[in-house]
Amino acid sequence: MVLVFAIVGALLIFAIAAAFVGSETFRLGHTPTTTVFDMDEAVIHVAENLSVESAMGLTMDEVKQLIQFSLQHLRTRGLSAMPGEELEHDVERAPVVVADDEAVAVVLGRADEVGMEVTDDAVYEVLDLLLGHLVEIGAVGPAVPPPEL
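Values in this document were obtained by computation on a predicted structure and should not be read as measured data.

## Here's the deal with the overall build of the protein
No. 1: Scanning the protein from N- to C-terminus turns up six helices and zero strands.
No. 2: Written out in order from the N terminus, the α and β elements of the protein read α-α-α-α-α-α.
No. 3: By the burial criterion, 21% of the 149 residues in the protein qualify as buried.
No. 4: With an accessible surface of roughly 11100 Å², the protein has 62% of that area assigned to carbon and sulfur atoms.

## Things to note about the environment of His73
No. 1: With respect to the helices, strands and loops of the structure, His73 is situated in helix H4 (residues 60–76).
No. 2: Between the C-alpha atom of His73 and that of Ala103, which follows or precedes it by 30 residues, the distance is 7.4 Å.

## Observations concerning a negative patch on the surface
No. 1: On the surface, a cluster of negative charge is contributed by Asp38, Asp40, Glu41 and Glu136.
No. 2: Within the element layout of this structure, Glu136 appears in helix H6 (residues 120–137).

## Side note on H4
No. 1: With 17 residues, H4 should cover 24 Å at 1.5 Å per step; its first-to-last C-alpha distance of 24 Å lies within 8% of that length.
No. 2: Among all positions of H4, only Val63, Leu66, Ile67, Phe69, Ser70, Leu71, His73 and Leu74 are buried.

## Concerning the pattern of salt bridges
No. 1: Inspection of every chain in the model, using the stated rule, returns two salt bridges.
No. 2: Arg27 is the partner of Glu24 in a salt bridge, and the nearest nitrogen-oxygen pair spans 2.8 Å. Of this pair, Glu24 and Arg27 both sit in helix H1 (residues 2–29), three residues apart, which is roughly one turn of the helix.
No. 3: The exposure class assigned to Glu24 is partly exposed, which follows from its relative accessible area of 26%.
No. 4: A relative accessible area of 43% means that Arg27 is categorised as partly exposed.
No. 5: Across the pair Arg110 and Glu113 runs a salt bridge, and its minimum N-O distance is 3.6 Å. Of the two residues, Arg110 and Glu113 are both situated in helix H5 (residues 100–113); the distance of three residues between them amounts to about one turn of the helix.
No. 6: A relative accessible area of 28% means that Arg110 is categorised as partly exposed.

## A word on the packing of helix H2 (residues 39–49) against H4
No. 1: Relative to each other, H2 and H4 sit at 115°, their axes nearing to 10 Å. When you trace H2 past H4, the crossing you get is right-handed. Along the contact surface, H2 presents Met39, Asp40, Ala42, Val43, Val46 and Ala47, while H4 presents Met60, Val63, Lys64, Ile67, Gln68 and Leu71.
No. 2: When its residues are assigned to classes, the contact of H2 with H4 shows nine nonpolar, one polar and two charged.

## Section: a nonpolar patch on the surface
No. 1: A cluster of nonpolar side chains, Leu3, Ile7 and Leu11, forms an exposed patch at the surface whose accessible area comes to about 320 Å².
No. 2: By secondary structure assignment, the location of Ile7 is in helix H1.

Analysis parameters
- Residues numbered from 1 in each chain as written.
- Predicted model: local features only at pLDDT ≥ 70, side-chain atom pairs only at ≥ 80, totals over all residues.
- Heavy atoms only, no water.
- Helix = DSSP H or I, 4+ residues; strand = E, 2+ residues; numbered from the N terminus.
- Buried < 20%, exposed > 50% of the residue type's maximum accessible area, 1.4 Å probe, protein only.
- Areas by Shrake-Rupley, 256 points an atom, 1.4 Å probe, with all protein chains shown as cover.
- Patch = residues over 30% accessible without salt bridge, like charges linked within 9 Å, V, L, I, M, F, W, Y side chains within 5 Å.
- Salt bridge = Lys/Arg side-chain N within 4 Å of Asp/Glu carboxyl O.
- Lys, Arg positive; Asp, Glu negative; His and termini not counted.
- Charge placed at Lys NZ, Arg CZ, Asp CG, Glu CD.
- Expected span 1.5 Å × (residues − 1).
- Axes fitted to C-alpha atoms, helices over the stretch in contact; angles between N-to-C directions.
- Left-handed = near helix turned anticlockwise from the far one by under 90°.
- Contact = heavy atoms within 4.5 Å.
- Nonpolar A, V, L, I, M, F, W, Y, C, P; charged D, E, K, R; others polar.

Next comes the structure, spelled out in structure tokens:
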């Protein structure tokens with residue numbers, strides 16, 4: 001009789017544990033992940049993948065500053081948030097699209113304000129590599145296809 005109670009008890013404990021593990025697995029599988037941006041990781045990724053021409057004209061500090069300018073621009077457009085801030089997700093609002101030339105112009109303007117001497121091509125390359133990094137870590141969605149005319 002004791003053996004029957006022990007077996008029933010063990011099966012009951014196993015069923016409760018299996019149900020809990022299964023429900024948590026389902027919940028975690030359907031919860032979107034939060035992507036955390038690491039500035040140092042992004043700077044290293046961008047600096048390591050720059051072309052020789054761009055790399056010769058930029059220091060690591062300048063690459064970091066250009067990335068910061070770009071992220072500030074994305075934040076003003078409502079596309080990124082600082083830690084602890086929430087982004088507004090309005091399904092009624094049209095998606096925000098940032099054109100390459102606009103982003104380059106804004107970053108070049110900010111670089112000019114602080115007296116940094118960089119070329120358009122170097123800024124474009126930094127921003128392109130930064131975007132690739134953001135896509136790689138899952139922080140941004142896919143590129144928007146050009147409109148059909």
